Amino acid sequence: MAENGILLGILAIFFVLFLITLVVTKMYQKGGPNEILVISGRSDQPRLVKGSGTVVVPWLERVDRFSLETMTIEILTPEVYSSHGVPVIIDAVAQVKVMSDDMNTIRLALERFLSKNPNEIREIIKQTLEGHTRAIIGQMSVEDIITARDEFAQKVTEVSTRDLANMGLSIDSFSIKDIKDNQGYLAALGKPRTAEVKRDAAIAEAMAARDAQKAAAAAGQEAEIAKIDAKTQVADKEREFRIKQAGYNKEAMTSEAEADLSYELQKNISAQEVKKQEVMIQVVEKQQLIEVERREAERREVELVATVKKPAEAEQYRIQTLAEAEQYKLKTTAAGEAEANRLNGFATADVKQKAGEAEAAAEKARGLANAEVDRAVGLANAEVIRAKGLAEAEAMNKKAAAWGSYNQAAIMQMLIDRMPEIASAISAPLAKTDKIVMINSDGAGGGASKLTKDVTNCVAQLPAVLEALTGVDVAELVKQVPGLGEKLSKASTPLRMPSAPAMTAPPAAPSISSPHMLNK
């Protein structure tokens, strides 16, 4: 029994909880965002709840739901006469909704439509909009309605807005879907325009055909012109390509030439540096030779002081040695200077020949290098000339002292020693001759012996030449030599130079072949 009592108690509790839940659920009402909850029954003005929930006292309060959704109203007017007396039918559509921004307008809509269903509300709105539409049709012509539909819809909306606002409603949009008539007025209204359009279409078609033919001809002409222009452009592009290619080739060749010239210029600059060093070496050598000559002159001075009283043979040997040393010095100096000038000339000629167009660019470097070389050479030559001048002055003093002690035999010996050099100088042009053609017109024969004889005769005329130039009679001078003059006075033959037999074969004389000898 106790268990049954507990079970009944639990069931009673669950039943009570169920009833409480049902009552609470019945008391709390929720509204959606598209509807208004209208709670009435406890006061003169109903409570309005939008988009939220509220507690409703059962049996004391009533809850109604009023939709705020937009309503689509289809409007189809009967035949209505326009301002020109033409009956037309307007098919339009409107979008209407409750003005939910203000609670007062919502209360106006609730007072008029809360107890009505949606169809009844749509019918009321439809009748209102149709009445205003018929009124606007009577104010406008058919043509205006057709051409100015927006203006017609705006007028209907303006007139209807006031009446709908009194009912708490507003028009979102109003538009005309179709305009119709049962008398054929609209069809007749469009026939002139249709004919005009057909006429314009035929004219346009003919003009289009004409324009098409013109366009085809113009297109053909333009096509030919385009072909010619294309060929011309191709030729121009080919010409530009050849010009650019030639320019590129020119630039490449110019770059190669500049590179070659730069190489040659650097080579010449290096050669000039080498030449500069060679010149400096020669300057040093000349300075060393001058120092040697100076020491030699000092030695000669000591030797002259020590041997001044030696026999004439020793004096002659000493004088001959001094003369040969002086000749060797002069020959060596002249040969060195000639070689340096020749190398300088060859280098300058080679630079000018290979530099060519780069002469302007190389001029500055060459000028600087030459200036540096000339400055170094000038300083060295100045030093050499100064030392050489001192040495020559000292040598001249020694020569003057030596010449004061010379006797006639020594002078004669010097002249005799110079005879081979004179003969070599006379025959030197023959050494530079490749071929000689000799023509003998006196019938006395000719050939190499005749050429040697002519050279000997030239040498034999030297005493007379010396006498004419210097006033010194060589034959008289020879007679004054003791012993030699007596022998010459006894001889009946004219004076012959002792060194003449040695000059019968000039050095480096050209060979004369017999096929080129002509005898007349």
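Just so it is clear, the model here is predicted, and its values are computed rather than measured.

(A) Representation of the overall build of the chain in the model. Within the chain, the regular secondary structure consists of 13 helices and 11 strands. Looking at the 520 residues of the chain, the share that counts as buried comes to 25%. Put simply, of all contacts in the chain between residues at least 6 apart along the chain, 69% involve residues at least 24 apart.

(B) Expanded view of the sheet that holds strand β3 (residues 47-50). Overall, antiparallel pairing links the three strands, which are arranged β3-β2-β5 in an open sheet. Of all strands in the sheet, those bounded by a partner on one side alone are β3 and β5 (62-67). In this sheet, neighbouring strand axes are inclined to one another by 25° on average, regardless of whether the strands run parallel or antiparallel. Pairing geometry for strand β2 (residues 35-40) and β5, over six bridges, is antiparallel. Paired with leucine 37 across the two strands is arginine 65, which belongs to β5. Contacts between helix α2 (residues 103-113) and the sheet are confined to β2, β3 and β5, with β3 contributing the most and set at about 110° to the helix.

(C) Examining the nonpolar core more closely. Formed by 39 residues in total, the largest nonpolar core has its most connected members in Ile125, Leu129, Phe152 and Phe174. Listing elements by their share of this core, those giving two or more residues are β2, β6 (71-76), β8 (87-98), α2, α3 (118-139), α4 (142-147), α5 (149-166) and β9 (169-180). Of all the elements, β8 adds the most residues to this core, at six residues. When neighbours within four sequence positions are excluded, phenylalanine 174 is seen to be in contact with Ile75, Ala92, Val93, Ala94, Thr133, Phe152, Ala153, Val156 and Thr157.

(D) Broad picture of the pairing of β3. Both β2 and β3 contribute to a ladder of four bridges, which runs antiparallel. Each bridged residue has a counterpart across the sheet, and for valine 38 the counterpart in β3 is leucine 48. Turn length for the β2-β3 hairpin, with the two strands adjacent in sequence and antiparallel, is six residues, and the turn residue glycine 41 shows positive phi of about 120°.

(E) Summary view of the pattern of salt bridges. Inspection of the entire model under this criterion finds 13 salt bridges. Here glutamate 111 ties to arginine 112 by a salt bridge, and the two come within 3.9 Å at their closest N and O atoms. Note on glutamate 111: relative accessible area 65%, which makes it exposed. For arginine 112, a relative accessible area of 34% corresponds to the partly exposed category. Here glutamate 291 ties to arginine 294 by a salt bridge, and the two come within 2.3 Å at their closest N and O atoms. In this pair, glutamate 291 and arginine 294 are both assigned in helix α6 (residues 185-307), three residues apart and thus about one turn of the helix distant.

(F) Fine view of a nonpolar patch on the surface. A surface patch of nonpolar side chains, about 1100 Å² in accessible area, is lined by Ile6, Ile10, Ile13, Phe14, Phe15, Val16, Leu17, Phe18, Leu19, Ile20 and Leu22. With respect to the helices, strands and loops of the structure, phenylalanine 15 is situated in helix α1 (residues 2-27).

(G) Representation of the pairing of β6 within the structure. Alternating residues of β6 divide into Met71, Ile73 and Ile75, all buried, and Thr72, Glu74 and Leu76, none buried. Where β6 meets β8, six bridges bridge the pair, whose relative direction is antiparallel. Residue pairing for β8: glutamate 74 is matched across the bridge by valine 93.

Calculation criteria
Residues numbered from 1 in each chain as written. Predicted model: local features only at pLDDT ≥ 70, side-chain atom pairs only at ≥ 80, totals over all residues. Heavy atoms only, no water. Helix = DSSP H or I, 4+ residues; strand = E, 2+ residues; numbered from the N terminus. Buried < 20%, exposed > 50% of the residue type's maximum accessible area, 1.4 Å probe, protein only. Contact = heavy atoms within 4.5 Å. Pairing = 2+ DSSP bridges. Axes fitted to C-alpha atoms, helices over the stretch in contact; angles between N-to-C directions. Core = buried A, V, L, I, M, F, W, Y, C linked by side-chain atoms within 4.5 Å. Salt bridge = Lys/Arg side-chain N within 4 Å of Asp/Glu carboxyl O. Patch = residues over 30% accessible without salt bridge, like charges linked within 9 Å, V, L, I, M, F, W, Y side chains within 5 Å. Areas by Shrake-Rupley, 256 points an atom, 1.4 Å probe, with all protein chains shown as cover.

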